[in-house]
Amino acid sequence: MLDRLITEFDRGLRTLFAPAVSSRPRPDKEVAEAELSAAEKQHAIGLMRVNHCGEVCAQALYQGQALTARNPAARDALRHAAFEEVEHLAWTEQRIRELGGRPSLLGPVWYTGSLAIGVTAGLLGDKWNLGFLEETEKQVGAHLDSHLQQLPEQDAKSRAIVAQMRDDELKHADMAHDFGAAPLPLPVKGLMKLTAKVMTATSYRV
């Protein structure tokens, strides 16, 4: 357990303070940069900053959940999801920089809160742990769909990244379901949506 705690602490530091690296080619690799107005660029930066914050939260959630998961198969599923989230983290961070922006200044706050939620979910048992993963990914998928509608139409690079992220998130939800995820109560789903709205509204600007 001590070794796992040290490993997760190191992973947390790298999530917050080291550039993320993707093993997959960026989805927008072959897409040309489009000309955006100043307002369009700022809007794209805000949306991609929100998505980057979501990936920071995902890393913390899955680290907390994997740390307290009892079933090795469930732990492996969480590790796999976290691995792909690192790629999303890299893609969104790089895109923000290309647009001339910066990630949210509140990353450590989102990370700490999400880690606590992930640990709690894991302590409730594997079926609820996986249920939380499934519901999180479903809500993130819907959130990314909304961003595809909001991004400037000509910003094909950002749209390609968001579209691939959405597809990956929905696969994670299916994976959690296949591993025996329990449906979460409606009040819990509602609280998750409310928390996501607060994070979205804040990280868009800060």
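Residues numbered from 1 in each chain as written. Predicted model: local features only at pLDDT ≥ 70, side-chain atom pairs only at ≥ 80, totals over all residues. Heavy atoms only, no water.

Undergrad: Just to check I follow, could you spell out the overall build of the protein for this structure?
TA: Helix and strand counts for the protein come out as seven helices and zero strands. When the helices and strands of the protein are placed in sequence order, the string is α-α-α-α-α-α-α. For 206 residues, the compact-globule estimate of 2.2 N^0.38 gives 17 Å, and the protein sits close to it at 16 Å. The buried share of the protein, taken over its 206 residues, is 46%. Summing over all exposed atoms, the protein offers an accessible surface of approximately 10100 Å²; the carbon and sulfur share of this is 62%. In the protein, 24 positive and 27 negative side-chain charges are present, and the distance between their average locations comes to 4 Å. (Helix = DSSP H or I, 4+ residues; strand = E, 2+ residues; numbered from the N terminus. Rg over C-alpha atoms; globule rule 2.2 N^0.38 Å. Buried < 20%, exposed > 50% of the residue type's maximum accessible area, 1.4 Å probe, protein only. Areas by Shrake-Rupley, 256 points an atom, 1.4 Å probe, with all protein chains shown as cover. Lys, Arg positive; Asp, Glu negative; His and termini not counted. Charge placed at Lys NZ, Arg CZ, Asp CG, Glu CD.)

Undergrad: What exactly am I supposed to notice about the packing of helix 3 (residues 72–98) against helix 6 (residues 156–178) here?
TA: Two measures define how a pair of helices packs: the angle their axes make with one another and the distance between the axes. Contact geometry for helix 3 and helix 6: axes closest at 11 Å, N-to-C directions at 170°. By the angle class used here, helix 3 and helix 6 are roughly antiparallel. Here the hand of the crossing between helix 3 and helix 6 comes out left-handed. Along its contact with helix 3, which presents Ala77, His80, Ala81, Glu84, Glu85, His88, Trp91, Thr92, Arg95 and Glu98, the element helix 6 presents Lys157, Ser158, Ile161, Gln164, Met165, Asp168, Glu169, His172 and Met175. Counted by class, the contact of helix 3 with helix 6 contains six nonpolar, six polar and seven charged residues. (Axes fitted to C-alpha atoms, helices over the stretch in contact; angles between N-to-C directions. Parallel < 35°, antiparallel > 145°, perpendicular 65-115°, else oblique. Left-handed = near helix turned anticlockwise from the far one by under 90°. Contact = heavy atoms within 4.5 Å. Nonpolar A, V, L, I, M, F, W, Y, C, P; charged D, E, K, R; others polar.)

Undergrad: What should I look at first to understand a nonpolar patch on the surface in this one?
TA: There is a patch of nonpolar side chains on the surface, built from Leu191, Leu194 and Val198 and spanning about 290 Å² of accessible area. Considering the arrangement of structural elements, one finds Leu191 in helix 7 (residues 186–203). (Patch = residues over 30% accessible without salt bridge, like charges linked within 9 Å, V, L, I, M, F, W, Y side chains within 5 Å. Salt bridge = Lys/Arg side-chain N within 4 Å of Asp/Glu carboxyl O.)

Undergrad: What should I look at first to understand the pattern of salt bridges in this one?
TA: When the charged atoms of two side chains lie near each other, side chains of opposite charge can form a pair. This model, assessed by the stated rule, comprises twelve salt bridges. Close ionic contact of Arg24 with Asp168 constitutes a salt bridge, the shortest N to O distance being 2.6 Å. In this pair, Arg24 is assigned in the loop between helix 1 (2–17) and helix 2 (38–68) and Asp168 in helix 6, connecting sequence segments 144 residues apart. Judged by its relative accessible area of 1%, Asp168 falls in the buried class.

Undergrad: Before we go on, may I ask you to explain the nonpolar core in this structure?
TA: Nonpolar side chains in soluble globular proteins generally cluster together in the buried interior. Tyr62, Leu78, Leu130, Phe132, Leu133 and Ala176 are the most contacted members of the largest nonpolar core, which totals 19 residues. Those elements that place two or more of their residues in this core are helix 2, helix 3, helix 5 (126–150) and helix 6. Here the element with the most residues in this core is helix 3; it accounts for five residues. In contact with Leu78, not counting residues within four places along its chain, are Tyr62, Gln65, Ala66, Ala69, Asn129 and Leu133. Leu36, Leu144, Leu151 and Val162 belong to the second largest nonpolar core, which has 14 residues in total. (Core = buried A, V, L, I, M, F, W, Y, C linked by side-chain atoms within 4.5 Å.)

Undergrad: Is there a simple way to think about the packing of helix 2 against helix 7 in this case?
TA: Taken N-terminus to C-terminus, the directions of helix 2 and helix 7 make an angle of 130°; their axes are 8 Å apart at the nearest point. Between helix 2 and helix 7, the angle is such that the two are oblique. Helix 2 and helix 7 meet at a crossing whose hand is right-handed. Along its contact with helix 2, which presents Arg49, Val50, Cys53 and Gly54, the element helix 7 presents Met199, Thr200 and Ser203. In terms of residue class, the contact of helix 2 with helix 7 is made up of three nonpolar, three polar and one charged.

That is the geometry; function is a separate question.
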